[in-house]
Amino acid sequence: RHNIPTAWYGKFDRKHAEEAKRYVRSKGVPIVVKADGLAAGKGVILAKTLAEADDAIDQILVKNAFGDAGDQVVIEQFLKGEEASFFAIV
């Protein structure tokens, strides 16, 4: 509606780790791999290679590196540039 750019993304659960890897291959790198839950600021991996992306997916979904925070993974487009957050308290 307001033409604000946003990244494309895919969301995968523990049962679909291989599908997540295929998704990465279809999109290319660099790519962002995120644990979908609260991971104390540690759940985001910027994968610059396919091997790094595969390892991030395995760490989150297969090896349970982030516990319940890694029940699902979000794989999204890497967008280069500055990021800003705004908070309003009324």
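Residues numbered from 1 in each chain as written. Predicted model: local features only at pLDDT ≥ 70, side-chain atom pairs only at ≥ 80, totals over all residues. Heavy atoms only, no water.

### Let's talk about the overall build of the protein chain
Working step 1: What the protein chain contains, in helices and strands, is two helices and four strands.
Working step 2: Ordered by position from N to C terminus, the α and β elements of the protein chain give β-α-β-β-α-β.
Working step 3: Judged by the C-alpha coordinates and their principal axes, the protein chain covers about 40 × 25 × 20 Å.
Working step 4: Contacts in the protein chain between residues at least 24 apart in sequence constitute 64% of all its contacts with a sequence separation of at least 6. (Helix = DSSP H or I, 4+ residues; strand = E, 2+ residues; numbered from the N terminus. Contact = heavy atoms within 4.5 Å.)

### Things to note about helix 1 (residues 17-27)
Working step 1: Regarding helix 1, the residues found buried are Ala17, Ala20, Lys21, Tyr23 and Val24. Buried residues of helix 1, seen end-on, are gathered within an arc of 155° and therefore sit on one face of the element. Among the exposed residues of helix 1, those oriented more than 90 degrees off its buried face are Arg22 and Ser26. (Buried < 20%, exposed > 50% of the residue type's maximum accessible area, 1.4 Å probe, protein only. Arc of directions from axis to C-beta.)

### Side note on the pairing of strand 4 (residues 72-77)
For a regular strand, side-chain orientation follows a simple rule: the groups alternate between the two sheet faces.
Working step 1: By the bridge criterion, five bridges tie strand 1 (residues 9-13) to strand 4 in an arrangement that is antiparallel. Following the sheet pairing, Tyr9 is matched in strand 4 by Glu76.
Working step 2: As judged from the five bridges shared by strand 2 (residues 31-35) and strand 4, these two strands associate in the antiparallel manner. From the neighbouring strand, Val33 faces strand 4, where its bridge partner is Ile75. (Pairing = 2+ DSSP bridges.)

### What to know about helix 2 (residues 50-62)
Working step 1: A rise of 1.5 Å per residue sets the reference length of helix 2, with its 13 residues, at 18 Å; its end C-alpha atoms lie 17 Å apart and thus fit the reference within 8%.
Working step 2: Within helix 2 the residues assigned to the buried category are Ala53, Asp54, Ala56, Ile57, Ile60 and Leu61. Projected onto a plane normal to the axis of helix 2, the buried residues spread over an arc of 160° and lie on a single side. With respect to the buried face of helix 2, the exposed residues turned more than 90 degrees away are Ala51 and Val62. (Expected span 1.5 Å × (residues − 1).)

### Notes on the sheet that holds strand 3 (residues 44-47)
Working step 1: Spatially, the four strands line up as an open sheet ordered 1-4-2-3, and their pairing is antiparallel. Of all the strands in the sheet, just strand 1 and strand 3 have a single pairing partner and so form its edges. Averaged over all pairs of adjacent strands, the angle between strand axes in this sheet comes to 20°, irrespective of strand direction. (Axes fitted to C-alpha atoms, helices over the stretch in contact; angles between N-to-C directions.)

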